[in-house]
Amino acid sequence: MTTPGETETSTPPDTGLGARDLPLVRWLWRAYLRPLRLMIICALVLMAIEGAMLGAISYIVQPMFDQVFIAGDRDAVYWVAGAVGLIFVIRAVTAFGHRTLMHGVGLRIITGMQRDMVAHLLTLDSAYFQRNPPGTLIERVRGDTTVANTIWAVVLGAAGRDIVGLIALFAVAISIDPVWTLVAVAGAPLLLGPVLILQRYVRRTTFRAREAAARLSTRLDEIFHGINTVKLNTSETRERGRFATTTDGFLRQEMKARMGQAGIPMMTDFVAAIGFAGVLVYGGSQIIDGQKTVGEFMSFFTAMGLIFEPLRRVANVAGAWQAARASLERIQEIFKVAPTILAPAKPSVAPEAPAAADIRFEDVVVTYGTENALNGATFTATAGETTALVGASGAGKSTVFNALTRLVDPEGGRVTVGGVETVALDLTDLRALFSVVTQEAPMFDESLRDNVVLNTPDVSDARIRDALEAANLTDFVARLPQGLDAEAGPRGSNWSGGQRQRVAIARALVRNAPILLLDEATSALDAESEVRVQAALDNLAADRTTLVIAHRLSTVRRADKIVVMQDGRVLDEGKHDELLARGGVYANLYQLQFSDA
Ligand code: ADP
Ligand code: MG
């Protein structure tokens, strides 16, 4: 293969919406908040109105006491009562409006993030998915987006409603007596140190709690996918124990995080206690002395009483932000990962008649982690012929397929199809060359029809039925009450291994690609099916270049060429009889491995 210095690979498309270059907050603003700015501004305006009503409530207390209760002015009752009623109606309506809007904003961000994450994850290398198990990724896509996005209501609520509320309430308080106000908030600077410490604590513990949540999802995924293995090995107790340990870990971290978050409003309450007591002592004596009216004091006290709720919420923003940030950073981290298996900036054209194109491996080295799976493999698969790869388990046969289809990229050497290097082709063009049928024959939780067609455009039911017929599935389909609409179940669990394998073969037939890669594709079939599927595969292979990884003598014998692999190298090639006559590795394999020998 060519090193990046030689072929100019394209820079990976940034499907992370700028996550790679932008700091967290600017990325969030650009990718998710800016498109919703109209909704957000409307919500902020409604919140500001609701916040201002707090000031109005405390303000109306003064005439209520001084004019109505103390002076006994009967006319004032009506306008004071009317004003109080109006204030509460405005509050109710604006609160309804901004809550609805903010739910809309939150949900749009969550679903948008989930869509974008899946779109981005789909571009990443297969190796990424080996390092990050499904449970972890599911938790990030589902859990982290949901946890993170509670923050917008908190932050915007604080910015819109609470800041305005605080300003209005302070205005009322200061207009009554600036000194009282000063006494009331004198303790606030004491908050700074403890709040900063708590914030760091919340951030750390939330991060660990999110990691613990990912471990929970991973355990669940493994239990549910491996349920039969668990039962057959009677390891239910072990799994239950492991899950309990994981939940314990999650509980501990989550509790710590929540406690830290709850600690911040507690601090504001301490300060409130000091302030209230101070004002009561200082202001109370002024009223006794007749310097201030009861109405003024009540109005001030109402303002102070109302101040602490928004103040607590504003103080809570810091903790909530730290908690959300742990999740948001984990989300951004995913968007920052770039795929390494890429098409070149200027792709070559695929061979015009790929079925007539030889496949060639030259000194190919493939490494998973530190171990070499291919160690300088060299061979040619001639166009239009069938080449069988044989070798002990772990010899690197499947890796040959992975390198050919670029699920992994080699560290060294060249892989060519019709003389064109695979790394020089567009990925779509490259993968269109192959139909791959593997031992696992993965199915999706869709109908039989959808599983056969997958991404092939314009496939008629007649063509599907032909493919099913050729894959020896006609009887099977006839027995399905819903026929082609029968559901496969999660990962194809409604069907047997052999049935899945034949569906995968039908899929390859419909796909009709020029090169056929079969990885032990008949291993899950019983002898009778195998004979018939083999006939179908022979038809399929007829005018195609076929690479087959086989462990059955019948398959190997029919091959035009056999490539013998060991430890990531090609040891020998030739026809069955030649190789057997030469003795050595192939003769050994023949005796040990070929099950129908
Ligand atoms: P074969 O198909 O001949 O049985 P493979 O090509 O699957 O062998 O594997 C070759 C070697 O690479 C083995 O030693 C295997 O353990 C290792 N290997 C295969 N896939 C991976 C992977 N995804 N991560 C790490 N090692 C792998
Ligand atoms: Mg294999």
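Residues numbered from 1 in each chain as written. Chains lettered and ligands numbered in written order. Predicted model: local features only at pLDDT ≥ 70, side-chain atom pairs only at ≥ 80, totals over all residues. Heavy atoms only, no water.

*Asks:* What's the story with the overall build of the protein chain in this structure? I'm lost.
*Replies:* The number of helices and strands found in the protein chain is 21 helices and ten strands. C-alpha extents for the protein chain along the principal axes are approximately 120 × 55 × 50 Å. Here the contacts in the protein chain between residues at least 6 apart in sequence split such that 77% fall between residues at least 24 apart. Accessible area of the protein chain: about 29000 Å², with a carbon and sulfur share of 59%. Separation of charge centres in the protein chain, based on 58 positive and 63 negative side chains, amounts to 6 Å. (Helix = DSSP H or I, 4+ residues; strand = E, 2+ residues; numbered from the N terminus. Contact = heavy atoms within 4.5 Å. Areas by Shrake-Rupley, 256 points an atom, 1.4 Å probe, with all protein chains shown as cover. Lys, Arg positive; Asp, Glu negative; His and termini not counted. Charge placed at Lys NZ, Arg CZ, Asp CG, Glu CD.)

*Asks:* Honestly, the packing of aromatic side chains in this entry has me stumped. Any pointers?
*Replies:* In this description, an aromatic ring pair is defined by two values, namely the gap between the centres and the angle between the planes. Applying the stated rule across the entire model yields ten aromatic pairs. Ring centres of Phe65 and Phe69 lie 5.2 Å apart, and the angle between their planes is 85°; on these two criteria the pair is classed as edge-to-face. A residue pair is termed a helical-turn pair when its members lie 3 or 4 positions apart in one helix, as Phe65 and Phe69 do in helix H2 (residues 37-70) at four residues. Linked through ring pairs, Trp180, Phe276, Phe297, Phe300 and Phe301 together constitute an aromatic cluster. (Phe/Tyr/Trp six-rings, centres within 6.5 Å; stacked < 30°, edge-to-face > 60°.)

*Asks:* Would you take a moment to explain the sheet that holds strand S5 (residues 420-421) for this structure?
*Replies:* Note on sheets: strands pair through backbone hydrogen bonds, and any given pair is parallel or antiparallel. With respect to topology, four strands assemble into an open sheet ordered S2-S1-S4-S5, the strand pairing being antiparallel. Unpaired on one side and paired on the other, strand S2 (371-381) and S5 mark the two borders of the sheet. Of the pairings in the sheet, the one linking strand S4 (residues 412-417) to S5 comprises two bridges and is antiparallel in character. If you follow Thr416 over to S5, its bridge partner there is Glu421. Together, strand S1 (359-368), S2 and S4 form the strand contacts of helix H12 (residues 397-404), whose direction differs from that of S1 by roughly 105°. (Pairing = 2+ DSSP bridges. Axes fitted to C-alpha atoms, helices over the stretch in contact; angles between N-to-C directions.)

*Asks:* Got a minute to help me understand a nonpolar patch on the surface in this structure?
*Replies:* Residues Ile41, Val45 and Ile49 make up a contiguous nonpolar surface patch of about 240 Å² in total accessible area. Relative to the helices and strands, Ile41 resides in helix H2. (Patch = residues over 30% accessible without salt bridge, like charges linked within 9 Å, V, L, I, M, F, W, Y side chains within 5 Å. Salt bridge = Lys/Arg side-chain N within 4 Å of Asp/Glu carboxyl O.)

*Asks:* What is the right way to read helix H3 (residues 74-121) from this model?
*Replies:* Every α-helix winds through 3.6 residues per turn, so residues three or four apart in the chain are directed the same way. Across its 48 residues, H3 extends 71 Å between first and last C-alpha, which sits within 8% of the 70 Å expected from 1.5 Å per residue. The N-terminus of H3 is capped by Asp73, whose side-chain oxygen sits 3.0 Å from the backbone nitrogen of Asp75. (Expected span 1.5 Å × (residues − 1). Polar contact = N/O pair within 3.5 Å; in protein donor to acceptor, adjacent residues only side chain to side chain.)

*Asks:* Help me understand a positive patch on the surface, please; the structure alone is not making it clear to me.
*Replies:* A surface patch of like charges, here positive, comprises Arg200, Arg204, Arg208, Arg252 and Lys256. Those elements giving two or more residues to the positive patch turn out to be helix H8 (192-225) and helix H10 (236-288). Among the elements that take part in the positive patch, H8 stands out by supplying three residues, more than any other. You can see Lys256 is positioned in helix H10.

*Asks:* Can you walk me through the sheet that holds strand S8 (residues 545-549) in this structure?
*Replies:* Spatially, six strands are ordered S6-S7-S8-S3-S9-S10 in an open sheet, and the strand pairing comes out mixed. Two strands bound the open sheet, and with one partner strand each, they are strand S6 (434-438) and strand S10 (569-574). This sheet shows a mean twist of 15° between the axes of neighbouring strands, independent of strand direction. In this sheet, S8 lies alongside strand S3 (residues 386-391) in parallel orientation, the contact comprising four bridges. If you follow Thr387 over to S8, its bridge partner there is Leu547. Against the sheet, H12 engages S3, S6, strand S7 (515-519), S8 and strand S9 (561-566), with an angle of about 145° to S8. Of the strands in this sheet, S6 and S7 are in contact with helix H17 (residues 497-511), which crosses S6 at around 175°.

*Asks:* Hey, could you run me through the confidence of the model for the protein chain in this one?
*Replies:* Interpretation of this model should avoid reading the predicted coordinates in detail wherever pLDDT is low. For the protein chain, mean pLDDT is 88; residues scoring 70 or higher make up 97% of the total. Predicted confidence for residues 1-6 stays below pLDDT 50, and this span has eleven contacts to residues more than four positions away or in other chains. (pLDDT = per-residue confidence, 0-100.)

*Asks:* Teacher, can you tell me more about the site of ligand 1 here?
*Replies:* Close contacts around ligand 1 come from Gln130, Tyr368, Glu371, Ala373, Ala392, Ser393, Gly394, Ala395, Gly396, Lys397, Ser398 and Thr399, and that covers them all. Separating an oxygen atom of ligand 1 from a side-chain N or O atom of Glu371 is a distance of 3.3 Å. The contact in question runs from an oxygen atom of ligand 1 to an N or O atom on the side chain of Thr399, over 2.5 Å. The fraction of the free accessible surface of ligand 1 (560 Å²) that becomes covered by protein chains is 66%. Counting only elements with at least two residues in the shell around ligand 1, the list comes to S2 and H12. Its residues placed into classes, the shell around ligand 1 shows four nonpolar, six polar and two charged. (Near = heavy atom within 4 Å. Nonpolar A, V, L, I, M, F, W, Y, C, P; charged D, E, K, R; others polar.)

*Asks:* It is not clear to me how the domain arrangement of the protein chain should be interpreted in this structure. Could you clarify?
*Replies:* By a widely used convention, the size of an interface equals the accessible area lost when the partners come together. The domain architecture assigned to the protein chain consists of domain 1 (11-336) and domain 2 (359-594). Using C-alpha coordinates to define each centre, domain 1 is positioned 55 Å away from domain 2. (Domains from an automatic or database assignment.)

*Asks:* Help me out: how do you make sense of the nonpolar core in this one?
*Replies:* In summary, soluble globular proteins display a tendency toward joint burial of nonpolar side chains. In this structure, Val390, Leu448, Val452, Leu468, Ile562 and Tyr586 are the most contacted members of the largest nonpolar core, which totals 47 residues. Counting residues per element, this core draws most heavily on H17, at seven residues. Apart from the residues lying within four places of it in its own chain, the contact partners of Val452 are Ile464, Leu468, Val503, Ala506, Arg507 and Val510. (Core = buried A, V, L, I, M, F, W, Y, C linked by side-chain atoms within 4.5 Å. Buried < 20%, exposed > 50% of the residue type's maximum accessible area, 1.4 Å probe, protein only.)

*Asks:* Is there a simple way to explain the environment of Ala159 in this structure?
*Replies:* Relative to the helices and strands, Ala159 is located in helix H6 (residues 151-176). By relative accessible area, Ala159 is classed as partly exposed at 41%. It is 51 Å that separates the C-alpha atoms of Ala159 and Glu236, two residues lying 77 residues apart in sequence.

*Asks:* I would appreciate a short explanation of helix H5 (residues 134-148) in the present structure.
*Replies:* An ideal rise of 1.5 Å per residue puts 21 Å on 15 residues; H5 measures up with 20 Å between its terminal C-alpha atoms. For H5, the principal kink sits at Arg140 and spans about 35°. Among the residues of H5, Gly135, Thr136, Leu137, Glu139, Arg140, Val141, Gly143, Asp144, Thr145 and Ala148 are the ones counted as buried. Contacts made by the buried residues of H5 are with H3, helix H4 (126-131), H6, H8 and helix H11 (294-336). (Bend = angle between axes of the 7 residues up to and from the residue.)

*Asks:* Before we go on, may I ask you to explain the packing of H8 against H11 in this structure?
*Replies:* The description of two packed helices rests on the angle between their axes and on the distance between the axes. Direction vectors running N to C along H8 and H11 enclose 40°, while the axes themselves pass 8 Å from each other. Compared by their axis directions, H8 and H11 come out oblique. By crossing handedness, the relation of H8 to H11 is classed as right-handed. On the side of H8, the interface is formed by Gln199, Val202, Arg203, Thr206, Phe207, Arg210, Glu211 and Ala214, while H11 contributes Ala318, Gly319, Gln322, Ala323, Arg325, Ala326, Ser327, Glu329 and Arg330. A class-by-class count of the residues in the contact of H8 with H11 yields six nonpolar, five polar and six charged. (Parallel < 35°, antiparallel > 145°, perpendicular 65-115°, else oblique. Left-handed = near helix turned anticlockwise from the far one by under 90°.)

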